[in-house]
Amino acid sequence: QQQVKQSPQSLIVQKGGISIINCAYENTAFDYFPWYQQFPGKGPALLIAIRPDVSEKKEGRFTISFNKSAKQFSLHIMDSQPGDSATYFCAATSAGYSTLTFGKGTMLLVSP
Amino acid sequence: DTAVSQTPKYLVTQMGNDKSIKCEQNLGHDTMYWYKQDSKKFLKIMFSYNNKELIINETVPNRFSPKSPDKAHLNLHINSLELGDSAVYFCASSLRTATYSPLHFGNGTRLTVT
C-alpha cells in the first residue's frame, strides 16, 4: 500500500514537444503529491506539488494533473527544452507520515 | 550559501574499511534524513532524525550507524564496507512541524567500494 508506481522509466522527447510522466498510488491516505527534479551530480529538488482538492496545478511550463478516483497523477512538461533533461521523481505522503514515498524515477532526455 | 552540505563528495575505499559521511544544514530544519540512491536511480530512505532523535530506521544493515550531535548535523558511519554499499548517499532535511515541508537534499556522496 506504500508503493508509488512511476512510468516510463526513460523518455526521449524532441525540443518543443510535450513530456508526460505518469504515477499511480494505492494508499488512499496519501494527500500530498510532489514532483522532484534531479540533474546529474545534484540532489533532487522540489519542482511542483499538488493536493487532491484540485485536479490540476500549473507552474510555468510544468503542470500536474491529478485523478483522485483513479489514484493517478502525472507531470506534463510543455515546450520541453534540453535544459529539462533530468531525472524526475513523483512522490506521495500524508500529514500523518514522517517521510515521502518516491516513485522509481524517469530519466528524461530532450533532444535539441 | 549551501543549504544542505555533505562531505566528502566522492569516497573510494576498499572492502572491509570503515568510513564516515558528514552532513550539515543551515535551514533551521528539525528533521534530517539519509537516503541511498542505487545505480538505477531508486531513492531509498535509510534513517530519519527529528531533533537528534531517531524516528525512522528502515531495514538497513547495522553496519550503518547514523549519529546526530545536534539538529543541524547528521553523520553516517559505515563499518566493514561491502561492494553492495557502492551508491550515492544523500542527506536531506525538512521542517517536520510544517505540514508538507519539502525535502531539501544535499548534492550527494558517491561511495565506491572496490
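Anything mentioned here points back to the structure above.
Not measured: the values here are computed from a predicted model.

Undergrad: Is there a simple way to think about the packing of aromatic side chains in this case?
TA: Any pair of aromatic rings gets described here by the distance separating the centres and the angle formed by the planes. Applying the stated rule across the entire model yields 17 aromatic pairs over all chains. Each ring, one from A:Phe33 and one from A:Phe73, has its centre 4.9 Å from the other, and the planes form 55 degrees; the classification is tilted. Of this pair, A:Phe33 sits in strand β4 (residues 33–38) while A:Phe73 sits in strand β8 (residues 72–77); the two residues are 40 residues apart in sequence, bridging distant segments of the chain. Both residues of the pair, A:Phe33 and A:Phe73, count as buried. When the centroid spacing of 5.8 Å and the interplanar angle of 70 degrees are considered together, the rings of A:Trp35 and A:Phe73 count as edge-to-face. Of this pair, A:Trp35 sits in strand β4 while A:Phe73 sits in strand β8; the two residues are 38 residues apart in sequence, bridging distant segments of the chain. With respect to class, A:Trp35 is no different from A:Phe73; both count as buried. In this structure an aromatic cluster arises from ring pairing among A:Tyr36, A:Phe89, A:Phe102, B:Tyr33, B:Tyr35, B:Phe90 and B:Phe105. The aromatic ring of B:Phe42 is capped on one face by A:Lys104, whose charged end is 5.6 Å from the ring centroid.

Undergrad: How should unusual backbone geometry be read in this particular structure?
TA: A negative phi angle is the norm for most residues apart from glycine, just as the trans form is the norm for most peptide bonds. Backbone torsion omega between A:Ser7 and A:Pro8 reads -5 degrees, so that peptide bond is classified as cis. Along the chain, the position of A:Pro8 falls in the loop between β1 (4–7) and β2 (10–14). Backbone torsion omega between B:Thr7 and B:Pro8 reads -5 degrees, so that peptide bond is classified as cis. As for its position among the elements, B:Pro8 is in the loop between β1 (4–7) and β2 (10–13). Phi at B:Asn51 takes a positive value of approximately 50 degrees, unusual for a residue other than glycine. On the secondary structure map, B:Asn51 appears in the loop between β5 (43–50) and β6 (53–57).

Undergrad: Sorry, what's going on with the pairing of strand β11 (residues 109–113) of chain B here?
TA: Successive residues of a regular strand alternate their side chains across the two faces of the sheet. Residue and element names in this part refer to chain B. Taking every second residue as pointing to the same face, the buried face of β11 carries Thr109, Leu111 and Val113, while none of Arg110 and Thr112 on the other face is buried. Note that β2 and β11 share four bridges and pair parallel. Pairing of Val12 across the sheet is with Thr112, part of β11.

Reading the values: rules and limits
Residues numbered from 1 in each chain as written. Chains lettered and ligands numbered in written order. Predicted model: local features only at pLDDT ≥ 70, side-chain atom pairs only at ≥ 80, totals over all residues. Heavy atoms only, no water. Phe/Tyr/Trp six-rings, centres within 6.5 Å; stacked < 30°, edge-to-face > 60°. Helix = DSSP H or I, 4+ residues; strand = E, 2+ residues; numbered from the N terminus. Buried < 20%, exposed > 50% of the residue type's maximum accessible area, 1.4 Å probe, protein only. Lys NZ or Arg CZ within 6 Å of the ring centre and 35° of its normal. Pairing = 2+ DSSP bridges.

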